[in-house]
Amino acid sequence: MPRTGPGRPRMRPGHVIGDKGYSSKAIRTWLRRRGIAHTIPERSDQVANRARRGSRGGRPPAFDREVYKRRNVVERCFNRLKQWRGIATRYDKTAQSYQAAVTLASLLMWA
């Protein structure tokens, strides 16, 4: 939905895929309150703490391995793009020239 006033339009992601660094209960609760689905693996210490608490530890959060595997493809793409010095350091002054550099690098990588 376009924004009526100044500023960027408000957008909410449909799904968040994060690594174990974003596995805290606070982050999961924040996403859940806003109705954002998430796929975040649990850290091993969180699994151990939940197991230690027994039935009071609660259920493990839902985790879809197939969705999480797709995250790897995006991570690798960003890592390959960062090998281009101009893209990694954002030397370009305008968004158009930066987008052109990313497009050119992408074309050369997959050509």
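Calculation criteria
Residues numbered from 1 in each chain as written. Predicted model: local features only at pLDDT ≥ 70, side-chain atom pairs only at ≥ 80, totals over all residues. Heavy atoms only, no water. Phe/Tyr/Trp six-rings, centres within 6.5 Å; stacked < 30°, edge-to-face > 60°. Lys NZ or Arg CZ within 6 Å of the ring centre and 35° of its normal. 1 Å grid on protein atoms, 1.4 Å probe; cavity = no way out; pocket = protein on both sides within 12 Å on 5 of 7 lines; lining within 4 Å. Points joined across faces, edges and corners; volume = space filled by probe spheres on them. Helix = DSSP H or I, 4+ residues; strand = E, 2+ residues; numbered from the N terminus. Salt bridge = Lys/Arg side-chain N within 4 Å of Asp/Glu carboxyl O. Buried < 20%, exposed > 50% of the residue type's maximum accessible area, 1.4 Å probe, protein only. Axes fitted to C-alpha atoms, helices over the stretch in contact; angles between N-to-C directions. Parallel < 35°, antiparallel > 145°, perpendicular 65-115°, else oblique. Contact = heavy atoms within 4.5 Å. Nonpolar A, V, L, I, M, F, W, Y, C, P; charged D, E, K, R; others polar.

Caption draft 1: Focus on the packing of aromatic side chains. The full count for this structure, using the stated rule, is 1 aromatic pair. Here F63 and Y68 contribute two aromatic rings whose centre-to-centre distance is 5.5 Å and whose plane-to-plane angle is 55°, an arrangement assigned as tilted. Directly above the aromatic system of W110 lies the positively charged group of R80, at a separation of 5.8 Å from the ring centroid. Geometry around Y98 places R90 over its ring, the cationic atom sitting 4.0 Å from the centre.

Caption draft 2: Seen up close, the layout of surface pockets. Here the largest pocket is characterised by a volume of approximately 530 Å³. Around the largest pocket, the lining comprises 17 residues; the ones closest to its centre are K25, E42, R50, G57 and R59. Secondary-structure elements contributing two or more residues to the lining of the largest pocket are α1 (25-33) and α2 (44-53). Volume-wise, the second largest pocket comes out at about 150 Å³. If you trace the second largest pocket, you find it lined by I40, P41, E42, P61, F63, R65, Y68 and K69.

Caption draft 3: A look at the pattern of salt bridges. As enumerated under the stated definition, the model contains 5 salt bridges in all. Between R71 and D19 there is a salt bridge, and its shortest N-O distance comes to 3.7 Å. Here R71, found in helix α3 (residues 65-81), pairs with D19, found in the loop between β1 (15-17) and α1; they are 52 residues apart in sequence, far enough to count as distant. Judged by its relative accessible area of 18%, R71 is buried. When the shortest N-O distance is used, the salt bridge between E42 and R50 registers 2.6 Å. Note on R50: relative accessible area 16%, which makes it buried. Each member of the salt-bridge network shares a partner with another, and the members are D19, R71 and E75.

Caption draft 4: Quick peek at the packing of α3 against helix α5 (residues 95-110). Contact geometry for α3 and α5: axes closest at 10 Å, N-to-C directions at 105°. With respect to their mutual orientation, α3 and α5 come out roughly perpendicular. Between α3 and α5, the residues in contact are C77, R80 and L81 and V102, A105, S106, M109 and W110, respectively. Partitioning the contact of α3 with α5 into residue classes produces 6 nonpolar, 1 polar and 1 charged.

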